[in-house]
Structures are given as structure tokens and as C-alpha cells.
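Chains, contacts and geometry: an overview
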Amino acid sequence: MTSYSAPAPMGPPPTANSWRPPALDRAPAHRGYEPKPTNLMAILSLMAAASAWVLTGPLGTIAAVVLGFVALKQIKQRDEGGRELVIMALVAAGVSVVLGTLLLISGIAMLSSL
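Residues numbered from 1 in each chain as written. Predicted model: local features only at pLDDT ≥ 70, side-chain atom pairs only at ≥ 80, totals over all residues. Heavy atoms only, no water.

**Description of the side chain of glutamine 74**
Note that glutamine 74 resides in helix α2 (residues 58-78). A polar contact is formed between the side chain of glutamine 74 and the side chain of asparagine 39, at a distance of 3.1 Å. Not counting residues up to four positions away in its chain, the partners in contact with glutamine 74 are Asn39, Met41, Asp79 and Glu80. (Helix = DSSP H or I, 4+ residues; strand = E, 2+ residues; numbered from the N terminus. Polar contact = N/O pair within 3.5 Å; in protein donor to acceptor, adjacent residues only side chain to side chain. Contact = heavy atoms within 4.5 Å.)

**Examining the pattern of salt bridges**
For the coordinates displayed, the defined rule picks out 1 salt bridge. A salt bridge links aspartate 79 to lysine 36; the nearest nitrogen and oxygen atoms lie 2.9 Å apart. Residue aspartate 79 is found in the loop between α2 and α3 (83-112), and its partner lysine 36 is found in the segment before α1 (40-56); the two are separated by 43 residues along the sequence. The partly exposed category is assigned to lysine 36, whose relative accessible area is 44%. (Salt bridge = Lys/Arg side-chain N within 4 Å of Asp/Glu carboxyl O. Buried < 20%, exposed > 50% of the residue type's maximum accessible area, 1.4 Å probe, protein only.)

**Some thoughts on the nonpolar core**
Listed in full, the 5 residues of the largest apolar core are Ala48, Ala49, Ala64, Ala89 and Ala93. Only α1 and α3 provide two or more residues apiece to this core. Dropping the residues within four chain positions of it, alanine 49 is found in contact with Gly60, Ala64, Ala89 and Ala92. (Core = buried A, V, L, I, M, F, W, Y, C linked by side-chain atoms within 4.5 Å.)

What follows is the structure, encoded as C-alpha cells:
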């Protein structure tokens, strides 16, 4: 028959002050994904497109389109983020133009039928 004994000790027991947090001053081995800064013109373009639906009408649409194209140029030159915001702003401005045109045509048609 085989007899078993207690395992060998692993070292001295820890004391109250023996634990230290990991060093935070070292740079991590892999930084991972770092997001690009969002272009300010892209944010302003989206805000202008949103205000065109509520407050400013055609002026907001024009501002959204101009700011959107400026933002696209800056995003490409500076390697910034925000391209999706510009695309949303330009789509919203395009929908605003189409709906405004349809509303104008229907208003003219209603007035001419009187």
C-alpha cells in the first residue's frame, strides 16, 4: 500500500504588507484600437441637417451640404473620423430637398386649382 504525505510548502505565508498592485507606469504591450478624433465640421453638418427639419428650412439644408463637403475633404486630408456623420447629414439634406420640392409643387398645384 502507498502512503500519502502532505504537500511541500510553497513558500512563506504572505504578510499584511506583502501585496503590491501591478505597476501602472509601464506601457501595455499592445495598445489596441485607438479611435480617430471626430471632425468638427462633420458634427456641425449633421446639426445643420437636423435643424433644417425643425428650424431653419432651406438655409439649414444649404449649410449641411456645404459643411458636409468641407468635412469630407478635411477627413480625407487629416485622417479623422466622422465620415458616417457626414453621409447621414447629406442624406438628410437630400431628403429635405426632395420633400421641400414636393411640398412646393403640391402647394402650387393647390393654389392654381382655386
